[in-house]
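Spelled out from the first residue to the last, the chains are:
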Amino acid sequence: MNYTLRQLRTFIAVAHYGGFSQAGQAIGLSQSAVSHSIKELEAETGVRLLDRTTREVMLTEAGKQLASRMERLLEEIHTTLLDIRSFGEQRSGTVRVAASQTISAHLMPQCLAASQQHFPDIKVILHDRAQQWVLQSVRNAEVDFGIVIGPLSDSDFDSIAILDEPFLLLCRDDDPLAQVERAEWSMLDGRTMVLQDYASGSRVLIDAAMQQQNIRAEVVQEIGHPATLFPMVQVGIGISILPALALPLPADRALTVRRLYPEINRSLTLIKRKNRSLTPAAEAIWQEVRQQATLLAQQREARPAF
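Definitions and limits used
Residues numbered from 1 in each chain as written. Predicted model: local features only at pLDDT ≥ 70, side-chain atom pairs only at ≥ 80, totals over all residues. Heavy atoms only, no water. Helix = DSSP H or I, 4+ residues; strand = E, 2+ residues; numbered from the N terminus. Expected span 1.5 Å × (residues − 1). Buried < 20%, exposed > 50% of the residue type's maximum accessible area, 1.4 Å probe, protein only. Arc of directions from axis to C-beta. Salt bridge = Lys/Arg side-chain N within 4 Å of Asp/Glu carboxyl O.

### Remarks on helix H3 (residues 31-45)
Then, number 1: For H3, with 15 residues, the first-to-last C-alpha span of 21 Å sits near the 21 Å given by 1.5 Å per residue.
Then, number 2: Val34, Ser35, Ser37, Ile38, Leu41 and Glu42 are the residues of H3 that are buried. Buried residues along H3 cover an arc of 160 degrees about the axis, so they all sit on one side. Across H3 from its buried face, at more than 90 degrees, point the exposed residues Ser32, Lys39 and Ala43.

Now the structure itself:
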């Protein structure tokens, strides 16, 4: 049978008010619309539900049975839909987020602080891991969503870039590159370098950038944590390339950061499982991370640090 909730609600209103006109006024329909709806419902059920005269409308036996059962069922449906709406507005629970190391160290602290302020009933658990672990944990639903270095070509995820940031040159203060008027990628050719290893989402992008710029460099050390770059460059092991998010520099280091031209960027990217909805709490934190990334971009534009 092809009936609608509107037809059932109209029938219950007629049964309750005892007439088409009164029922129409109660539910916001014209008398003719009420009459048409009842005729459609009777056609679908195959039985007469109302006996009509010029003076009154009375329920048939079939109509009485339907009214006695349907009023309770419609109320239950209404209550269920209200519960679902309440769930959709819920802002409580636990949200698990995975992020790669520089993101965890330099973006997520303000995201966690803002989330705690705006959504005190949501507990956010941050997993600070290498990029491949973040990707796998999102894929396996071990976390609600992740923040990685993009762009990504993986079709397993729904993703959105939230912040573009340039790669920068890191060298000692006494390095010739610290003195040039404009540092260019081509000036890195033939230099000894210290870079993050391939657990970092940035390394593949750095390799691609150097290949694009026809740079041949000797990578003498590959390290896991970005903070390790600073002391290695400081003691003269090599120069490095790091993302802007790794700033600021340690205060006690005689190091220089230079913008590299042409500018080559990486993207901080939010990811979740493809075609899967976030819980209301996770959606709230997802949007908070987007907002904090936007604020960080605005702060950099107002006060450039490199």
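Read on, since the account is not over.
### Focus on the pattern of salt bridges
Then, number 1: Within this structure, the stated rule accounts for 12 salt bridges.
Then, number 2: The partner of Lys272 in a salt bridge is Asp158, with the nearest N and O atoms 3.3 Å apart. With Lys272 in strand S11 (residues 265-273) and Asp158 in strand S6 (residues 157-172), this residue pair connects regions lying 114 residues apart in the sequence.
Then, number 3: Exposure remark for Lys272: the relative accessible area of 15% places this residue in the buried category.
Then, number 4: Residue Asp158 is classed as partly exposed on the basis of its relative accessible area, which comes to 21%.
Then, number 5: We note a salt bridge from Asp175 to Arg191, for which the minimum N-O separation is 2.6 Å. Here Asp175 is found in the loop between S6 and strand S7 (192-196), whereas its partner Arg191 is found in the loop between S6 and S7, with 16 residues between them in sequence.

Keep in mind these values describe shape, not function.
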